[in-house]
Amino acid sequence: KQEVTQIPAALSVPEGENLVLNCSFTDSAIYNLQWFRQDPGKGLTSLLLIQSSQREQTSGRLNASLDKSSGRSTLYIAASQPGDSATYLCAVRLIPGNQFYFGTGTSLTVIP
Amino acid sequence: DGGITQSPKYLFRKEGQNVTLSCEQNLNHDAMYWYRQDPGQGLRLIYYSQIVNDFQKGDIAEGYSVSREKKESFPLTVTSAQKNPTAFYLCASRRDAGTGADTQYFGPGTRLTVL
């Protein structure tokens with residue numbers, strides 16, 4: 001069974017700092033990996049999706065990388081802002097299958 | 001305005017009662033999912049459906065039931081057999097083919113509390 005781990009569980013940084021969130025998974029036979037953002041009491045919003053054949057994806061201040069062989073992905077957030085404060089979750093989809101396995105998330109607080 | 005709607009936002013259940021959570025999408029997506037989220041834990045899959053009239057159990061299906069009679073609707077029933085149903089329930093959908101088929105879109109969630 002796929003195990004997805006996110007470290008750290010919580011992170012607090014001053015505004016303007018660049019930061020990296022980590023996601024690791026045990027089974028490297030993945031179809032893709034997706035990063036989500038969740039605000040308190042809300043649903044998830046997709047940020048970036050990386051196919052297994054890709055190494056990274058970028059959207060604005062966000063950059064996600066994937067190293068399938070080592071079972072790791074990172075989400076890089078540049079020039080953090082208070083509005084970035086949320087929980088960030090990663091999820092992987094295995095080959096074969098239509099199930100997605102989620103990490104426990106990293107709770108980010110950006111201090112003004 | 002396209003998206004996924006879940007209702008109600010808050011739901012209270014008495015011991016021994018069955019309750020049904022609604023999930024509707026107007027995105028014309030084929031696949032739909034139900035997840036449960038507990039504090040400090042990631043999302044865990046309850047059921048998913050790839051097409052109408054077909055659904056598969058996820059990792060924690062015991063005490064839950066679903067139906068998929070229409071493409072846009074995937075209701076979840078929490079039965080009295082579910083011993084610890086207090087949680088945040090999230091519904092998601094995904095287009096099963098073509099460009100952007102892998103991205104999951106989530107509803108706003110239903111918070112269920114057992115009294």
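Anyway, here's the lowdown on the structure attached to this text. No experiment lies behind these values; they were computed from the predicted model shown.

So, the interface of chain A and chain B
Taken together, the contact pairs 22 residues of chain A with 23 residues of chain B. When chain A packs against chain B, the two sides together hide about 1,700 Å² of surface, and 50% of this comes from carbon and sulfur. Per-residue buried area on chain A facing chain B is highest for A:Asn98, A:Gln99 and A:Phe100; these three make up 30% of the total on that side. Our count for the chain A to chain B interface comes out at 0 salt bridges. Along the contact surface separating chain A from chain B lie 1 residue pair in polar contact (both at pLDDT 80 or more). For the side of chain A that touches chain B, the element with the most residues is strand 4 (residues 30-38) of chain A, which contributes 5 residues. Split by residue class, the side of chain A that touches chain B holds 8 nonpolar, 11 polar and 3 charged.

Topic: the sheet that holds strand 3 (residues 19-25) of chain B
Residue and element names in this part refer to chain B. With antiparallel pairing, 4 strands are arranged side by side in an open sheet as 1-3-8-7. At either margin of the open sheet sits one strand with a lone partner, and together these are strand 1 (4-7) and strand 7 (64-66). Strand-to-strand twist in this sheet, taken as the mean axis angle between neighbours without regard to direction, amounts to 20°. In the sheet, strand 7 pairs with strand 8 (residues 76-78) via 3 bridges, with the strands oriented antiparallel. If you follow Ser65 over to strand 8, its bridge partner there is Thr77.

Considerations on the packing of aromatic side chains
Counting across every chain of the model gives 10 aromatic pairs over all chains. Ring geometry for B:Tyr33 against B:Tyr35: centres 6.1 Å apart, planes inclined by 10°, an arrangement best described as stacked. Across the pair, exposure class does not vary: B:Tyr33 and B:Tyr35 are buried alike. Here the aromatic rings of B:Tyr35 and B:Phe106 are separated by 5.8 Å at their centres, their planes lie at 35°, and the arrangement is tilted. Within this pair, whereas B:Tyr35 is found in strand 4 (residues 31-37), its partner B:Phe106 is found in strand 10 (residues 105-106), the two being separated by 71 residues in sequence. Both residues of the pair, B:Tyr35 and B:Phe106, count as buried. Here the aromatic cluster, defined as three or more aromatic residues joined through ring pairs, consists of A:Phe36, A:Phe100, A:Phe102, B:Tyr33, B:Tyr35, B:Tyr48 and B:Phe106. Above the plane of the ring of B:Phe74 lies B:Arg68, whose end atom (NZ or CZ) is 6.0 Å from the centre.

A short note on the state of the cysteines
All names here are of chain A. Within this structure, the stated rule accounts for 2 disulfides over all chains. What pairs with Cys23 in a disulfide is Cys90, and their sulfur atoms sit 2.0 Å apart. Here the disulfide of Cys23 and Cys90 is right-handed, its torsion about the S-S bond being about 80°. With Cys23 in strand 3 (residues 19-25) and Cys90 in strand 9 (residues 86-94), this pair connects stretches of sequence that are 67 residues apart. The burial state of Cys23 is the same as that of Cys90; both residues are buried.

Digging into the pattern of salt bridges
By the definition in use, this model includes 5 salt bridges over all chains. A:Asp39 is the partner of A:Arg37 in a salt bridge, and the nearest nitrogen-oxygen pair spans 3.0 Å. Judged by its relative accessible area of 18%, A:Arg37 falls in the buried class. Looking at A:Asp39, the relative accessible area reads 28%, which means it is partly exposed. Residue A:Asp84 is joined to A:Arg61 by a salt bridge in which the shortest nitrogen-to-oxygen separation is 2.8 Å. Here A:Asp84 is found in the loop between strand 8 (72-77) and strand 9, whereas its partner A:Arg61 is found in the loop between strand 6 (56-59) and strand 7 (62-67), with 23 residues between them in sequence. With relative accessibility at 8%, the residue A:Asp84 sits in the buried group. Taken together, the shared-partner salt bridges connect B:Arg36, B:Asp38 and B:Arg44 into one network.

Examining the sheet that holds strand 7 of chain A
Residues and elements named next belong to chain A. Taken in spatial order, the 5 strands make up an open sheet running 1-3-8-7-6, and their pairing is antiparallel. Looking at which strands have only one partner, the edges of the open sheet turn out to be strand 1 (4-7) and strand 6. Averaged over all pairs of adjacent strands, the angle between their axes in this sheet comes to 15°, without regard to strand direction. As paired elements, strand 7 and strand 8 share 6 bridges and run antiparallel to each other. If you follow Ser65 over to strand 8, its bridge partner there is Thr74.

Each value, and the rule that gives it
Residues numbered from 1 in each chain as written. Chains lettered and ligands numbered in written order. Predicted model: local features only at pLDDT ≥ 70, side-chain atom pairs only at ≥ 80, totals over all residues. Heavy atoms only, no water. Contact = heavy atoms within 4.5 Å. Buried area = accessible area lost by both parts, 1.4 Å probe. Salt bridge = Lys/Arg side-chain N within 4 Å of Asp/Glu carboxyl O. Polar contact = N/O pair within 3.5 Å; in protein donor to acceptor, adjacent residues only side chain to side chain. Helix = DSSP H or I, 4+ residues; strand = E, 2+ residues; numbered from the N terminus. Nonpolar A, V, L, I, M, F, W, Y, C, P; charged D, E, K, R; others polar. Pairing = 2+ DSSP bridges. Axes fitted to C-alpha atoms, helices over the stretch in contact; angles between N-to-C directions. Phe/Tyr/Trp six-rings, centres within 6.5 Å; stacked < 30°, edge-to-face > 60°. Buried < 20%, exposed > 50% of the residue type's maximum accessible area, 1.4 Å probe, protein only. Lys NZ or Arg CZ within 6 Å of the ring centre and 35° of its normal. Disulfide = S-S within 2.5 Å.

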